[in-house]
Amino acid sequence: MAPSHPYQRLDAPDQTSSTHRKPLITPCQLISLLFTLLFLMLVIFQAQILSVFAKIHFGQCSCAQPTRTETFHEREELMKFGEEGDKAWRALLPANKEPDMWEGVIFVALNETYRLPYGVSYLHALHCLGAVRKTLLYGDSGRLQHNVDKQHHVGHCLSYVAQHVLCSADDTIERASPPKDAAGNYIHQADGIEGKGEIHRCRDRSKTEEILGKLRAMETLKYPGKKGEADTLDALYEECPECFGE
């Protein structure tokens, strides 16, 4: 084959053929760039990353909380009035050693004359529902607790329970179950959503109730100090059982 240029050597490479181009970035440079970007992300989002790890470590991440399924239904004992209904509502809250103190609350003796209460949120909500129930059923004759203005307490409880429901924000879909006539045709019903028979994914309370039982059995209790944002009983007790006493 004749050379394409009159002065080109026969053994010289053909300048018209495609040459191997040098890559824009080498593998080493690519790895260095990725590590640089990762370092910048760690610096920029340091607070958010530490917050996520802290929540997972202290059990505050929703994925770390054990759950169980529960089918909602009308609990007849909670719908009843009178002593039978009162007894069923009292059974929802752990009893205290002293009957005149609030159910579901743990008291710590700061000195010989003064005791300070603490509890957990879902028991507070149940206490509030019970207080509203007493007011609806018994009016002024229903004793709520010592030296508490009833109207203010009921207002507080309505506000608290509303916030508690919004905080949990259970988004389980509830389907209407309209009644049917003898021919099998649906009968129009203005309000057909009762929630009966729907399966909900609920937080497993067994560990919390076990810890509360241990705390009530202790002879010496301490008021738990705040260790982090939105402390939970399960996480704080697991991390620092000595924070509660003994």
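Checking UniProt for the chain, the heading Pathway (unreviewed entry) contains the comment "Mycotoxin biosynthesis." Quoted straight from UniProt, the Sequence similarities (unreviewed entry) entry for the chain says "Belongs to the ustYa family."

Here the focus is the pattern of salt bridges. Opposite charge on two side chains permits them to pair, given that their charged atoms come into close proximity. Under the defined criterion, the tally for this structure stands at 13 salt bridges. One salt bridge in this structure joins Lys207 and Glu238, with 3.0 Å as the shortest N-O distance. With a gap of 31 residues between them, Lys207 in helix H7 (residues 206–217) and Glu238 in helix H8 (residues 233–239) connect regions that are remote in the sequence. Judged by relative accessible area, Glu238 falls into the exposed class, the value being 59%. Taken together, the shared-partner salt bridges connect Arg68, Glu70, Asp204, Arg205 and Glu209 into one network.

Attention now moves to H7. Taking 1.5 Å as the rise per residue, H7 with 12 residues should run 16 Å; its terminal C-alpha atoms sit 17 Å apart, in good agreement. Every buried residue of H7 is listed here: Thr208, Ile211, Leu212, Leu215 and Arg216. Down the axis of H7, the buried side of the element spans an arc of 135 degrees, and every buried residue falls inside it.

Relative orientation of the contacting elements helix H5 (residues 121–138) and helix H6 (residues 150–168) amounts to 135 degrees, with a least axis distance of 9 Å. Taken together, the axis directions place H5 and H6 in an arrangement best described as oblique. Handedness of the crossing formed by H5 with H6: left-handed. Only Lys150, His153, Val154, His156, Cys157, Leu158, Tyr160, Val161 and His164 of H6 make contact with H5, whose side of the interface consists of Ser121, Tyr122, His124, Ala125, His127, Cys128, Leu129, Ala131, Val132 and Thr135.

Conventions adopted
Residues numbered from 1 in each chain as written. Predicted model: local features only at pLDDT ≥ 70, side-chain atom pairs only at ≥ 80, totals over all residues. Heavy atoms only, no water. UniProt positions renumbered as here; feature names shortened; annotations may be inferred. Salt bridge = Lys/Arg side-chain N within 4 Å of Asp/Glu carboxyl O. Helix = DSSP H or I, 4+ residues; strand = E, 2+ residues; numbered from the N terminus. Buried < 20%, exposed > 50% of the residue type's maximum accessible area, 1.4 Å probe, protein only. Expected span 1.5 Å × (residues − 1). Arc of directions from axis to C-beta. Axes fitted to C-alpha atoms, helices over the stretch in contact; angles between N-to-C directions. Parallel < 35°, antiparallel > 145°, perpendicular 65-115°, else oblique. Left-handed = near helix turned anticlockwise from the far one by under 90°. Contact = heavy atoms within 4.5 Å.

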